[in-house]
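# Structural overview
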Amino acid sequence: MPLEEKQQDRREFITDAVRTTGVVAVVGSGGFLAGRRTEGEPMVWQLDPDKCTACGNCATYCVLDVSAVKCFNAFDMCGFCDICTGYFEMDYKSLDTAAENQACPTGAILREFVEEKSGQRYYEYTIDEPLCIGCGKCVEGCALMNGSLYLQVEHDRCLDCNECAIATACPTEAFYRVPASQAEILKRRAATVLNARGKQMERVAGDDESKRREADALLARTAKQRDWREKQALEDANRRPSDG
Ligand code: SF4
Ligand code: SF4
Ligand code: SF4
């Protein structure tokens with residue numbers, strides 16, 4: 001069965017509440033209100049997961065004892081893999097939840113059986129966010145497969161430092177000031193998948209107001225991502241030294 005069909009199947013087992021947990025946690029409620037203002041809009045620090053190489057600096061350079069950067073799982077990209085390369089240590093002894101077999105140094109990733117289909121077992125991986133130290137080890141492992149695990153600044157924890165110590169240390173310049181009303185930076189692929197889902201939801205919503213609102217919210221979320229990326233591409237191009 002093609003991967004996208006498998007993912008669609010898995011999605012039937014996961015509630016919208018679970019799927020959007022990451023977004024709620026990233027956007028939070030209090031942290032970004034402290035953000036600096038540019039042209040009237042409060043701004044917050046966020047990292048671009050497409051640029052992040054999971055170098056480990058997010059865990060060690062944050063001024064907080066436990067980093068404000070946390071891992072999230074983009075469920076729409078996740079393969080619900082039995083042998084998750086983000087969950088299991090490279091040299092695991094067996095495919096179980098024993099600490100010695102887990103890649104995560106703090107045991108922050110929860111593995112839960114979803115279903116067995118055509119002899120294949122599928123598992124859901126969620127992050128116990130307070131346990132996550134933002135080390136990126138799971139992100140690096142997951143990049144070998146679907147790349148659904150990614151890092152984001154969690155705004156309820158972030159102190160919104162004037163100069164983010166991680167941004168200064170980041171080897172790939174992945175950190176940006178983003179409008180608080182956006183607050184997250186999705187991987188391009190995740191935004192594309194979510195946009196397609198939003199359009200499909202819109203098509204089947206009919207007269208159901210709550211489904212329409214849900215579709216609208218999803219499309220608005222992905223539109224913000226598209227607008228930010230376009231604006232960022234322009235700014236990057238303007239910063240490039242001229243050939244002359
Ligand atoms: S410092 Fe940059 S490259 Fe390293 S984990 Fe953080 S965002 Fe990723
Ligand atoms: S980023 Fe590090 S601490 Fe957080 S879930 Fe992944 S492996 Fe665990
Ligand atoms: S702004 Fe400060 S608190 Fe927030 S992630 Fe960067 S160093 Fe940590």
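Located above this text is the structure these notes cover.
Predicted model, so just to flag it, every value in this text is computed and none were measured. (Residues numbered from 1 in each chain as written. Chains lettered and ligands numbered in written order. Predicted model: local features only at pLDDT ≥ 70, side-chain atom pairs only at ≥ 80, totals over all residues. Heavy atoms only, no water.)

Below, the discussion takes up the pattern of salt bridges. Counted by the stated rule, this structure contains 15 salt bridges. Notably, a salt bridge pairs arginine 111 with aspartate 82, separated by 3.4 Å at the nearest N-O pair. With arginine 111 in strand S4 (residues 109–117) and aspartate 82 in the loop between strand S3 (69–73) and S4, this residue pair connects regions lying 29 residues apart in the sequence. Taken as a pair, arginine 111 and aspartate 82 share a single burial class, namely buried. In this structure, lysine 231 and glutamate 235 form a salt bridge, with 3.4 Å as the shortest nitrogen-oxygen distance. Placement of the pair is lysine 231 and glutamate 235 together in helix H8 (residues 209–239), with a separation of four residues, close to one helical turn. Residue classification places glutamate 235 among the partly exposed positions, given a relative accessible area of 31%. Where salt bridges share partners, they join Asp48, Asp50, Arg188 and Arg229 into one cluster. (Salt bridge = Lys/Arg side-chain N within 4 Å of Asp/Glu carboxyl O. Helix = DSSP H or I, 4+ residues; strand = E, 2+ residues; numbered from the N terminus. Buried < 20%, exposed > 50% of the residue type's maximum accessible area, 1.4 Å probe, protein only.)

The next subject is the pairing of strand S6 (residues 149–153). Counting buried positions over the five residues of S6 gives five, a clear majority of the element. Judged by which residues are buried, S6 turns out to be covered on both faces: Leu149, Leu151 and Val153 on one side and Tyr150 and Gln152 on the other are all buried. Pairing of S3 with S6, which is carried by five bridges, proceeds in the antiparallel orientation. When the bridges of S6 are listed, phenylalanine 72 appears paired with tyrosine 150. (Pairing = 2+ DSSP bridges.)

Geometric values such as these leave the question of function open.
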